[in-house]
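# Summary of structural features
One letter stands for each residue in the lines below.
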Amino acid sequence: MRRRRMEGNVGSGLRNTDESPSSETDGRGGERSALDVAPQTCASCLKSIGRFLCWTVFYLLISLVVFLAVVAPAVIKIFPQISKHIVYLNAFKIPYNVNLSDPSSVQLDYARNFYHHVEDNITVGVWHVLPKSLEKPGLQPEEFESLLSAGPSIMLYCHGNTGTRGTDNRVIMYKLLSSQEFHIIALDYRGFGDSTGSPTSEDGVMSDVVSLYLMLREKAGPHIPIYVWGHSLGTGIATKAVRFLTEQKEEYPRALILESPFNNVFEAALEHPFSKVVRLLWWFDDVFLEAMHSYGIYLQNDEHICHIELPVLILHAEDDIVVPYALGVKLYEASKKRPDSFPPVVFHTFPKELGLLHKWICTATELPRIIEDFISSTEQVQK
């Protein structure tokens, strides 16, 4: 009898031990298993996470609105120099692994690097790439300089914002122009690449181009044609520099070539993809553009082109989203105000199907022929 009671107690204890972790009261005298409780716990966690994410997104949106509507215009108003950094983007020396003192680091084997003194505290880095017919291994720096007077032609290349004279699409263009028998002279404006100083006003970067042009004219002599090529932001610098040369120095380059140009920096800023949202804000016109003007940044291609008595070639891709094709068309339309006695302005469109976008016109298969035809036409004008 005692043995049965003890066995019953032991059995009862074993049953309680097995059941206690796997069940709980449901509030109505019944029991629920752990499997029933788990989904309710997960649902509660998900609701908490959802609420947290909603509030986080809400606060982020409020912060963004406050930043764009209040903080950004206040900062630009107090520190207008921010505008010039946004326009030039010279801090982005892409690609960073290019040794600017050695053009062979980007497979330019028949080129040399040198530095041109512009004015006090301003020295700009320059590459001189030889035309194909003059390539010869082992040339010394002084031999490069003497070959400028051997011709046949010189192309002074003004690049756009960001990057350096060693950026990939620019190097492709140098090689193409070299194959077409140009000496290519490519500079980094003040504050770009390894050049000293800072690109404060457009007059500063323009003077870099003008000073280098006058040096080339002195070294090459009066009979070697010098062409000026500008790409993107460089079209604004090149156009103003050429106007200054013709009006103030009575020095006439053979022609001006504008790749992916805009009509003026105001519309270029409005149409830039980064400003699609910001330009809708109340302060964009008054604050940002006023800040640019305070640093003498106007870049009015549509005005300068009407005063340049030279042949002009405009190249623009229909699928350009950085400087939209429509701005190139506006520049061409503005050029029609030039006096009838001025040489023609030629506009060449690259269809969007080619996918050349903003900076890959250098890869267009028909580009060598376009340049050849234009150069031939300028020679006829010169005669």
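Structure's up top.
None of these values were measured; they are calculated from a predicted model.

The rules we used
Residues numbered from 1 in each chain as written. Predicted model: local features only at pLDDT ≥ 70, side-chain atom pairs only at ≥ 80, totals over all residues. Heavy atoms only, no water. Helix = DSSP H or I, 4+ residues; strand = E, 2+ residues; numbered from the N terminus. 1 Å grid on protein atoms, 1.4 Å probe; cavity = no way out; pocket = protein on both sides within 12 Å on 5 of 7 lines; lining within 4 Å. Points joined across faces, edges and corners; volume = space filled by probe spheres on them. Nonpolar A, V, L, I, M, F, W, Y, C, P; charged D, E, K, R; others polar.

### As for unusual backbone geometry
Outside of glycine, negative phi angles account for most residues, and trans bonds account for most peptide bonds. A cis amide bond links Ile94 with the next residue in sequence, Pro95, at an omega value of -10°. Mapping Pro95 onto the fold places it in the loop between α3 (81-88) and β3 (111-119). Residue Gly151 is joined to Pro152 through a cis peptide bond whose omega torsion reads 5°. Despite not being glycine, Glu181 shows a phi value in the positive range, around 70°. Relative to the elements of secondary structure, Glu181 occurs in the loop between α5 (168-179) and β6 (182-187).

### Here we look at the layout of surface pockets
A water-sized probe, rolled over the atoms, reveals where empty space remains. Taken as a whole, the largest pocket holds about 1,100 Å³ of empty space. Lining the largest pocket we find 37 residues, and of these Ile86, Leu89, Asn161, His272 and Phe274 sit closest to its centre. Counting residues per element, the ones that place at least two in the lining of the largest pocket are α2 (34-78), α3, α5, α8 (265-271) and α9 (284-294). If you tally residues by element for the lining of the largest pocket, the top one is α2, at 5 residues. Among the residues making up the lining of the largest pocket, the classes are represented as 24 nonpolar, 11 polar and 2 charged. Empty space within the second largest pocket amounts to approximately 250 Å³. Per element, the largest residue contribution to the lining of the second largest pocket is 3 residues, and it comes from helix α12 (residues 367-382). Taken together, the residues of the lining of the second largest pocket break down into 10 nonpolar, 3 polar and 4 charged.

Interpretation in functional terms is not warranted from these geometric data alone.
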